[in-house]
Amino acid sequence: MVEFSKALTARETAIPGVVLYDLPVHGDNRGWFKENWQREKMLALGLPDFGPVQNNISFNEKAGTTRGIHAEPWDKYISVATGRIFGAWVDLREGPSFGTVFTAELDPSQAIFIPRGVGNAFQTLEDNTAYTYLVNDHWSADAQGQYTFLNLADETAAIEWPIPLEQAELSDKDKAHPRLADVVPMKPRRILVLGADGQLGKALRKTYDGDASVEFAGRAEFDLADPASYERNWKNYSAIINAAAYTAVDAAETPEGRRIAWEINVSAVARLARVAAQNRLTLVHVSSDYVFDGTVQTHTEDEPFSPLGVYGQTKAAGDAVVSVVPQHYIVRTSWVIGEGSNFVRTMASLAERGISPSVVNDQIGRLSFTEDIAAGIAHLLASGAPYGTYNLSNTGEPASWAEIAASVYELTGKPRGAVSGVSTEEYFRDKDAAPRPLNSALDLGRIEAAGFVSKDADDALCAYLKTTSSWGRVD
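What comes next concerns the included structure. Computed from a predicted model, the values in this text were never measured in an experiment.

Our focus in this paragraph is the packing of helix H4 (residues 199–207) against helix H8 (residues 370–383). Following both chains from N to C, one finds H4 and H8 inclined at 60 degrees, their axes separated by 8 Å at the closest point. In terms of orientation, H4 and H8 fall into the oblique class. For the element pair H4 and H8, the recorded crossing hand is right-handed. Taking contact as the criterion, the partners of Gln 199, Leu 200, Ala 203, Leu 204 and Thr 207 in H4 are, on H8, Thr 370, Glu 371, Ile 373, Ala 374, Ala 375, Ile 377 and Ala 378. Classifying every residue of the contact of H4 with H8 by side-chain character gives eight nonpolar, three polar and one charged.

Okay, structure coming up:
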C-alpha cells in the first residue's frame, strides 16, 4: 500500500550523489495525486539542478521482470507510476566508491536521483508496474555506446534479488554482461583548460599535474576565434576554465588590436558562455582590475564597471556575458606574474645588467602569482563554493610598481636606491599607451570566506625569484 501524506524528504545513501526521496502522495476514494518532480522544492532539498530534457516510461507486464545494471552517461531521476519495484544501484564510476551497492523497494511515494556513472537495475514486484525517469541528455545510439554494464548476478555486488534471477524475466544481453572485476569504470567528466600555453595555463598544468580528468588546450587545439573549435561532445565535460585572453593593453588601443581584443575577450567568451549554459557546465573566467578606473582605493567584487581603455572595456564586457551563465566563477586578478615575460623578470634582468630604471610610483596594487591564481581556481571548483565573482591576488600591503621593482633589486643583491620613481603621467608622456587605473588593490574577503587564502605577495616574490633562473623572455 502506498503511504499517503508523507513529508517531502531526502535521504543520502551509501553511494555518493545517490539520494532517495519520500514524496507526498495525496489520496482519496478516487485514487491519488502527487507532484512527481517539482524543481523549486527539490532544489531546496539539495537535488542538483540537473536540467532534464527527456522523460521516459518503462511498463512491465509481469512481476519478476528484471532490467540489468546499466550505468549511463547522464543523470536520472526515477520514480514509480504504478506498482512496486526493487531497485539495485552499483557505483561504476572511477574512484574510491567504485563497487558500492545500494538497494531499496520503491512505490509511487518514493523517487531516487542517480548520477551519471551509477549503474541501476530494476525488478518488478507486481504485475503491470510502470516507472518513469527524467534524464538530462537525449538518448542516441552513440550515447548507448558509452554505457558501462555489470552482470546482475555479480558475486561481489551480491545483490539479494527478491525474485531469484533464474526465475526472473531478463534479456540475454543482461545475462552476458561482465563481472565487477572486468568492468572498466566510467571516467569522470573532464575539465577543459583553454589558453593552456599562457602564463596561467602553464600554472594550471602544474596544479592539475597527473589528473587525467583535466584536459589542456592551447590555440593549436582550441582556437577561440574559430567556430569549429566549439563543435565537440560537451556532455563529456563538467567545466571550462578560460585562461585565454588578449592582454596587450597598449596594442588594444590600435584599430587592429581593438578588433582582436573584442574578438577574443568578448565574442569568444560569448560562445563559451552559450556552450556552458546549454550544457550546464561550470565556466571559470579570468577577469582583471582593468575593469575599474582605479579611483577607489580597494575594489570589491560588486563595484560597478568603469574601465578606462579598450582592454578594460572588453574585459568588463566579457564579465557581463559570463555573469548570466547559471554556473560561473569570475576570478578577478591584478598584476599577473608567472612563467614567461613579465614585470618581475624584466626588473631582475635590469638589475643583473646594472641598469637603474625609472618605474611608475603612483599605481598601487598587489601582485598575483599564477600558481596562486591556479590554486584558487582549483579550490573554487573542488569546494563547490557559491557561484559568482571572486577577487584573487596575493595578500599583504598594496605597493607601487616602483616599490616592487626596488624589492626585486634588493632580493637579487642590488641596492633598492637603484630604482627611481616617476608618475604615470610623466612615464607615458609622448607615448602611445592605454590609460591605467591608479589603484588596483582587490578586496579578498569573499574568496577567503570561501576557504582560500593566497600567499603573502612579498613571500611569493621571494620564492619566485629563488626558483627562476633566467630573466630573459621565455616563450
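Having seen it, we continue.
Per the counting criterion, the structure on display carries 24 salt bridges. Here Lys 76 makes a salt bridge to Glu 72, at a shortest N to O gap of 3.2 Å. For Lys 76, a relative accessible area of 4% translates into the label buried. Among the salt bridges present, the one from Glu 105 reaches Arg 84, with a minimum N-O distance of 3.0 Å. Remark: Arg 84 occurs in the loop between strand S7 (76–82) and strand S8 (85–91) and Glu 105 occurs in strand S9 (residues 101–106); sequence separation between them is 21 residues. Look at Glu 105 and you get partly exposed, because its relative accessible area is 44%. In this structure Arg 84 comes out as partly exposed when scored by relative accessible area, which is 27%.

Tallying each qualifying case throughout the model produces 20 aromatic pairs. For the ring pair Tyr 290 and Tyr 311, a centre distance of 5.4 Å and an interplane angle of 75 degrees mean the geometry is edge-to-face. Placement of the pair is Tyr 290 in the loop between strand S17 (282–288) and helix H6 (310–322) and Tyr 311 in helix H6, with a sequence separation of 21 residues. The class of Tyr 290 is buried, set by a relative accessible area of 15%. Given a relative accessible area of 8%, Tyr 311 falls into the buried group. When the ring of Tyr 329 is compared with that of Tyr 390, the centres are 6.1 Å apart and the planes differ by 55 degrees; the resulting orientation is tilted. Linking Tyr 329 in strand S18 (residues 328–333) with Tyr 390 in strand S23 (residues 388–391), this pair joins segments that are 61 residues apart in sequence.

Let us look at the nonpolar core. Counting residues in each nonpolar core, the largest one holds 30 residues, and the members touching the most others are Leu 194, Phe 222, Leu 224, Trp 234, Ile 240, Leu 272 and Leu 283. Where this core is concerned, the elements lending two or more residues are strand S14 (190–194), strand S16 (237–242), helix H5 (255–279) and H6. Val 193, Val 286, Leu 381 and Ile 447 belong to the second largest nonpolar core, which has 26 residues in total.

This part is about the packing of helix H7 (residues 343–352) against helix H12 (residues 457–467). At their nearest, the axes of H7 and H12 sit 11 Å apart, and the two run at 60 degrees to each other. By the angle between their axes, H7 is oblique relative to H12. In the packing of H7 onto H12, the handedness of the crossing is right-handed. Contacts from Val 344, Arg 345 and Ala 348 in H7 reach Leu 461, Tyr 464 and Leu 465 in H12.

As a further point, take the environment of Leu 381. Its place among the elements puts Leu 381 in helix H8. Among all residues touching Leu 381, those that are not within four sequence positions of it are Ile 191, Tyr 208, Ala 239, Ile 241, Thr 282, Val 284 and Tyr 329.

It is worth spelling out the pairing of S18 at this point. Counting buried positions along S18 yields six of six residues, so the element is predominantly enclosed. Where burial is concerned, the two faces of S18 agree: the one with His 328, Ile 330 and Arg 332 and the one with Tyr 329, Val 331 and Thr 333 are both buried. Direction of pairing for S17 relative to S18: parallel, over a ladder of six bridges. Bridge pairing in S18 places Val 284 opposite Tyr 329. This β-α-β element, S17 to H6 to S18, shows right-handed connectivity.

Across the six residues of S16, five count as buried, placing the element largely inside the fold. The pairing of S14 with S16 spans five bridges and is parallel. Looking at S16, one finds that Val 193 is bridged to Ile 241. Relative to S17, S16 is paired through four bridges, and the arrangement is parallel. Directly across from Ile 240, in S17, lies its bridge partner Leu 283.

Conventions adopted
Counting from 1, residues in each chain are numbered in the order their sequence is written. Per-residue local features are limited, in this predicted model, to residues with pLDDT of at least 70; the limit for side-chain atom pairs, both in listing and counting, is 80 or more; totals at the level of whole chains, interfaces and linings are taken over all residues. Each side-chain value is worked out from all heavy atoms of the structure, with water and hydrogens disregarded. Axis lines are fitted to C-alpha atoms, over the contacting stretch for helices. Their N-to-C directions set the angle, which ranges from 0 to 180 degrees. Secondary structure is summarised from DSSP: a helix means a run of H or I of at least four residues, a strand means a run of E of at least two, and numbering begins at the N terminus for each. Comment on the angle field: the value is read as roughly parallel under 35 degrees, roughly antiparallel over 145, roughly perpendicular from 65 to 115, and oblique elsewhere. Each crossing gets its hand from how the near helix is turned against the far one by less than a right angle, where anticlockwise is left-handed and clockwise is right-handed. The contact criterion used is simple: two residues touch if any of their non-hydrogen atoms lie within 4.5 Å. The classification used treats Ala, Val, Leu, Ile, Met, Phe, Trp, Tyr, Cys and Pro as nonpolar, Asp, Glu, Lys and Arg as charged, and all other residues, Gly among them, as polar. Criterion for a salt bridge: a side-chain nitrogen of Lys or Arg within 4 Å of a carboxyl oxygen of Asp or Glu. Exposure categories follow from relative accessible area, calculated using a 1.4 Å probe and restricted to protein chains: below 20% of the type maximum is buried, above 50% is exposed, and the middle band is partly exposed. Between 30 and 60 degrees the pair is tilted, below 30 it is stacked and above 60 it is edge-to-face, where a pair is any two Phe, Tyr or Trp rings, Trp via its six-membered ring, whose centres lie within 6.5 Å. We define a nonpolar core as any set of buried Ala, Val, Leu, Ile, Met, Phe, Trp, Tyr and Cys residues linked to one another through side-chain atoms lying within 4.5 Å. Pairs of strands are assigned from DSSP output, requiring at least two bridges between the strands. The handedness of a crossover follows from its direction of travel: if, with the strands pointing away from the viewer, the path from the first strand over the helix to the second runs clockwise, the crossover is right-handed.

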